[in-house]
Amino acid sequence: MKYCLFFGVFIVGFLSGNAQSVTLSGVVRDSTGTPLEMVNVVAVNPDTRNIDAFGVTDSRGAYKLRLGSKKTYAVKVSYLGLKTEEFTITPQDDISRDITLEGQTDQLDEVEVVYEMPVTVKGDTIIYSADVFNKGTEKKLEDVLKNLPGVVINADGEIEVEGKKVSKVKVEGRDFFEGDSELASENIPANAVDKVEVLRNFNEVSQMRGFTNDDDNIALNIRLREGKKNFWFGEVTAGGGPDGRYLAHPKLFYYSPKYSLNFITDFNNIGELPFTMQDYFNFTGGFRTFNRRGGTNFNISSNDLGLSLLQNNKAREIDTRFGAFNFSYSPTDTWDLGGFVIYSYSKTEMQTDASRTFIESGETEFTTANTHQKSRLGLAKLNFVHKPGANLQLDYDILLKMSGQEETVDRVSVSDVTDSIVENKDQAPISLTQSANLYYTLNTRNIFAVEARHLYQNEDPFYNAVRDMQPFQDVLPLDDGLERYNINQDRLVKTSRTDAMIDYYYIIGKKSHINFTLGTSYSHQHFNSAIFQVLNDNSRLKLEEEQFRNDVTYDFTDVFLGFHYKLISGIFTFNPGFTVHNYNSRNKQLGISVTDHQFSVLPDVYVNLQFKKSENLRFNYGITREFTDINTLAAGYVFNDYNAIYSGNRELESALYHNISLDYFNFNMFNFTNIFARLSYNKRIDALKSSGSIEGINQVNTTINSNFEDDVITASGRYERRFNKYKASVRTDLSYSRFNNIVNEARQISTSFTQDYQLSFATGFRNMPNVEVGYEFNINDYNNGGNTTTYYTDKPFVRVDAAFLKGFMFTADYIYNHYRDKEETVENEYAFLNADLSYQKTDSKWEYGIAVTNVLNTSTLNQDGFNELYFNSSRYLVQPRFVMFKVKYNL
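Residues numbered from 1 in each chain as written. Predicted model: local features only at pLDDT ≥ 70, side-chain atom pairs only at ≥ 80, totals over all residues. Heavy atoms only, no water.

## Examining the overall build of the chain
1) Next: Counting its regular elements, the chain contains five helices and 52 strands.
2) Next: For 891 residues, the compact-globule formula gives about 29 Å, and the C-alpha radius of gyration of the chain, at 30 Å, lands near that figure.
3) Next: By principal-axis analysis of the C-alpha atoms, the chain measures approximately 95 × 65 × 55 Å.
4) Next: When each of the 891 residues of the chain is scored for burial, the buried share is 52%. (Helix = DSSP H or I, 4+ residues; strand = E, 2+ residues; numbered from the N terminus. Rg over C-alpha atoms; globule rule 2.2 N^0.38 Å. Buried < 20%, exposed > 50% of the residue type's maximum accessible area, 1.4 Å probe, protein only.)

Written out as structure tokens, the structure is:
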């Protein structure tokens, strides 16, 4: 294939450059002859005092270094608690040398320390020395993290370690905008980072470590360089370019033992969106998950009106203003205070060309949509933690989320199946979440945890559509004597939810305990909606009939009692249990109350096989009972889209999910091999399914409990291996789903099989240009009621970074896309190239640069998808090429 040729050329060239090398290998033992794992072995260049090669011993004490032939090295072998061994070699051929480390002497050797241990392991914490892995072109924390074995920055900018998303980032042990790792990776300067600590099995409450299963909890702690502590540091970046392009990005940080302050601002119109609407919807502020093993899934849905979200932060135009402040303060040894304030404003222009083929009618709708969007997002959090002693911790959090969103969509039809439509949407939701937790250790055998949480949420989405054709003529009794139909809908949803739980842990022995849980959840919701038509004289025609209005209240209660037993035996950890639930719900509408009472026993099982410190296999099985909220119970019609209206089902019952997952992880520090694999299966019984009738492209939908079972199978895997200065990785993600849908009162089976494969090869030189080349292949195969379609995407990519001529730095990022369908009715080829050239004189605080975005002036991107009603394929416009001249001052 034409775009794979360069991939092979680069690999051959890089590997050939490593031909003149020899291997130093052996086994490290202590004075008793016992092999030592996780010993650092480094080869230091005596002239530059840099580490030219390093390795870490495996469980058998084996190490291996690849060195340059006929070069002199000072080899240092270090292990915490033992005396460092040092020797000098000038290898010409492969060498095998075993090493014995003696106990630490009382008197320290007078040896000048010229290097940091590359990797140190202390319990569940892996500590990386950033300088050892850095290549010299890093500008922000994200660049540093990409160099570290086992750390990945995913396509959404989130940090992943061991295949798990990092839930929290700390700096010097203090929270950095908890709830969003992307803010840390994009804003902390690389030159401030000394060490990166990966905190595995992370739990914020020291008393609870070992009692809860925290395998999926990963946090990072960034240790700063000495010159960055007790001093203000940061940077101010400003830029401008033709066509009124601008950028202003000041950020300022201060860390001391008592307190920390972080200020981040960003003003630009070049498409750099520091905080998206999706970030806002997902942002929890670091609140802990309530009773995650209880088996109940009752989520309060968000009425986001289907607002258009950006793809890859690209659109035709994006204007952004962002500000964030984060602080922490420890007035005494027993009190910690912290919090943050975030404000984001964005003005976005999008243009999308889309086609939707409706399964039932076979009609295809072609539209061009111009979207104008304004979004104001605000968050504020305050938290207190009080630890008067090792046996007691009390904390309190309060999180406020406010937003104002407006969107106008001018949808022009380019087919005869619909008309031209203007849609207007706006909302200003607000939510306030409070959480209080107490953890108390009575003695060595008895531990108590009390958790309580309250959520208040008020949502007021408004929808308006102005169109030429009268929609849903058989449903909506509109005034049909008008040239244009102005249809509107008000909604108001208020939610109050309280959760409370007491956990009691009885410690049987060092490797076993039992846990009793007693708790309750109570939710009260009120839903109000009305549909009306604005006539030519601006008067309102209100649809007064019951089916066009909603006035609904819904109460849900869950009282539960749980029991779990945990046992560690050899390499096995067993943690089976069950939770008994008594559910009660009532929805009141149209003068009638519908009640439901249910009793359920929901088991769960957790098994962990810990083969080595960094190799395990985990099995999880659990049954979840899912309940809907008020949005799907309200029987009156609600607009979901210009061609879709929805009527809830007040008779809905809960659904039952069987969830099984198997996870394997292996991180071998000996050869820096990182392997992660996951297989999961989800069976849905009595699932809440969309059911409706379709006429042409118009849909009238409701929700039912399906009589048929749905299945979802996902598999993912990643393999990464480092070869001295090279890194190779392979990744795959597979997902298969089989759903049973009800369309026009008939059963319709739909399947989806998505496949994503990626391989890459990268270099890690210090004094040479570095290149990452890779190839990604994506297949989306959809089958809906016997109608099939398949989309393919080829994505070869190249990333280059190089430091040269004592101060110059060049980076470039290129990705090519070949998008097509199996029927050869859709085909599009496009590529993106961004380049950046900067100059900073040695020891100068000033940096000057020029950046070119979208060098190839690509105009569009593609995406596709499907649901039970239609296939869709769309193409959206992106910002054109522009040039920015930038200057940065490092504080």
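## Brief notes about the sheet that holds strand β3 (residues 51–56)
Two strands in a sheet stick together by hydrogen bonds in their backbones, pointing the same way (parallel) or opposite ways (antiparallel).
1) Next: Pairing in this open sheet of four strands is antiparallel, and the strands run β3-β2-β5-β6 from one edge to the other. Of all strands in the sheet, those with a lone pairing partner are β3 and β6 (85–89), marking the two edges. Ignoring strand direction, the axes of neighbouring strands in this sheet form an average angle of 15 degrees.
2) Next: As paired strands, strand β2 (residues 40–44) and β3 are joined by five bridges and run antiparallel to one another. Paired with Val 44 across the strands is Ile 51, a residue of β3. (Pairing = 2+ DSSP bridges. Axes fitted to C-alpha atoms, helices over the stretch in contact; angles between N-to-C directions.)

## A word on the packing of aromatic side chains
1) Next: The tally for this structure, following the rule as stated, stands at 35 aromatic pairs.
2) Next: Aromatic side chains Phe 325 and Phe 327 sit 6.1 Å apart centroid to centroid with 10 degrees between the ring planes, which places their arrangement in the stacked category.
3) Next: Seen in terms of ring centroids, Tyr 736 and Phe 753 are 6.4 Å apart; in terms of plane orientation they differ by 70 degrees. Their pairing is edge-to-face. Within this pair, whereas Tyr 736 is found in strand β43 (residues 726–743), its partner Phe 753 is found in strand β44 (residues 746–763), the two being separated by 17 residues in sequence.
4) Next: Judged by relative accessible area, which is 29%, Phe 753 ranks as partly exposed.
5) Next: Of the aromatic side chains, those joined through ring pairs into one cluster are Trp 232, Tyr 254, Tyr 259, Phe 263, Phe 325 and Phe 327. (Phe/Tyr/Trp six-rings, centres within 6.5 Å; stacked < 30°, edge-to-face > 60°.)

## Things to note about the confidence of the model for the chain
1) Next: Mean pLDDT for the chain: 86, with 92% of residues reaching 70 or above.
2) Next: Across residues 1–19, confidence stays below pLDDT 50; counting only partners more than four residues off in sequence or on other chains, it has 31 contacts.
3) Next: In the model, residues 106–114 has pLDDT below 50 throughout and makes six contacts with residues more than four positions away in sequence or in other chains. (pLDDT = per-residue confidence, 0-100. Contact = heavy atoms within 4.5 Å.)

## Examining the pattern of salt bridges
1) Next: One pass over the structure, following the stated rule, counts 46 salt bridges.
2) Next: Taking the shortest distance from any N to any O, the salt bridge between Asp 663 and Arg 678 comes out at 2.7 Å. Of this pair, Asp 663 sits in strand β38 (residues 655–668) while Arg 678 sits in strand β39 (residues 673–685), and the two are 15 residues apart along the sequence.
3) Next: Given a relative accessible area of 4%, Asp 663 falls into the buried group.
4) Next: The partly exposed category is assigned to Arg 678, whose relative accessible area is 32%. (Salt bridge = Lys/Arg side-chain N within 4 Å of Asp/Glu carboxyl O.)

## A few points about unusual backbone geometry
1) Next: Positioned with a positive phi, Glu 172 is a non-glycine residue whose angle comes to about 55 degrees.
2) Next: By the element assignment, Glu 172 lies in the loop between β13 (164–171) and β14 (174–175).
3) Next: By relative accessible area, Glu 172 is classed as partly exposed at 21%.

## Considering a nonpolar patch on the surface
1) Next: A surface patch of nonpolar side chains, amounting to about 660 Å² of accessible area, comprises Leu 394, Leu 438, Tyr 440, Leu 442, Val 450, Ile 502, Leu 518 and Leu 561.
2) Next: Top element by residues in the nonpolar patch is strand β26 (residues 430–443). It accounts for three residues.
3) Next: Along the chain, Leu 442 falls in strand β26. (Patch = residues over 30% accessible without salt bridge, like charges linked within 9 Å, V, L, I, M, F, W, Y side chains within 5 Å. Areas by Shrake-Rupley, 256 points an atom, 1.4 Å probe, with all protein chains shown as cover.)

## So, the side chain of Asn 458
1) Next: With respect to the helices and strands, the residue Asn 458 is situated in strand β27 (residues 446–459).
2) Next: For Asn 458, a relative accessible area of 18% gives the class buried.
3) Next: Residues within four places of Asn 458 in sequence aside, it is in contact with Ala 428, Pro 429, Ile 430, Leu 492, Val 493 and Lys 494.

## Considering the pairing of strand β9 (residues 119–122)
1) Next: In this sheet, strand β10 (residues 125–129) lies alongside β9 in antiparallel orientation, the contact comprising four bridges. Within β10, the residue paired with Val 121 across the bridge is Ile 126.
2) Next: Adjacent in sequence and paired antiparallel, β9 and β10 are bridged by two residues, among which Gly 123 carries a positive phi angle near 65 degrees.

## Description of a positive patch on the surface
1) Next: Taken together, the side chains of Arg 321, Lys 347, Lys 374 and Arg 376 define a basic patch exposed on the protein surface.
2) Next: If you trace the backbone, Arg 321 turns up in strand β21 (residues 317–332).
3) Next: The partly exposed category is assigned to Arg 321, whose relative accessible area is 41%. (Lys, Arg positive; Asp, Glu negative; His and termini not counted. Charge placed at Lys NZ, Arg CZ, Asp CG, Glu CD.)

## Let's talk about the pairing of strand β17 (residues 232–241)
1) Next: Bridge count for β17 against strand β18 (residues 245–255) is ten bridges, and the pairing is antiparallel. Bridging across to β18, Gly 239 finds its partner in Leu 247.
2) Next: Linkage of β17 to β18, two consecutive antiparallel strands, is achieved through a turn of three residues, within which Asp 243 is found at a positive phi near 60 degrees.
3) Next: The pairing of β17 with strand β52 (residues 882–890) spans six bridges and is classified as antiparallel. Counted as the bridge partner of Ala 238 is Val 887 from β52.

## Quick word on the nonpolar core
1) Next: In this structure, Leu 145, Phe 176 and Ile 342 are the most contacted members of the largest nonpolar core, which totals 54 residues.
2) Next: Those residues in contact with Phe 176, other than ones at most four positions away along the chain, are Val 169, Lys 170, Val 171, Leu 183, Ala 184, Ile 188, Phe 253, Tyr 255, Asn 262, Ile 264 and Asn 326. (Core = buried A, V, L, I, M, F, W, Y, C linked by side-chain atoms within 4.5 Å.)

## Things to note about the environment of Asn 299
1) Next: With respect to the secondary-structure elements, Asn 299 resides in the loop between β20 (296–298) and β21.
2) Next: C-alpha of Asn 299 to C-alpha of Glu 626: the two residues are 327 residues apart in sequence and 8.7 Å apart in space.

## Focus: the environment of Leu 400
1) Next: Mapped onto the fold, Leu 400 is located in strand β24 (residues 392–413).
2) Next: The class for Leu 400 is partly exposed, based on a relative accessible area of 29%.
3) Next: Residue contacts for Leu 400: discarding those within four places in its chain leaves Gly 378, Leu 379, Ala 380, Ile 430, Ser 431 and Leu 432.

## Some thoughts on the environment of Phe 761
1) Next: Along the chain, Phe 761 turns up in strand β44.
2) Next: Phe 761 sits 36 residues away from Lys 725 along the chain, and the two C-alpha atoms are 11 Å apart.

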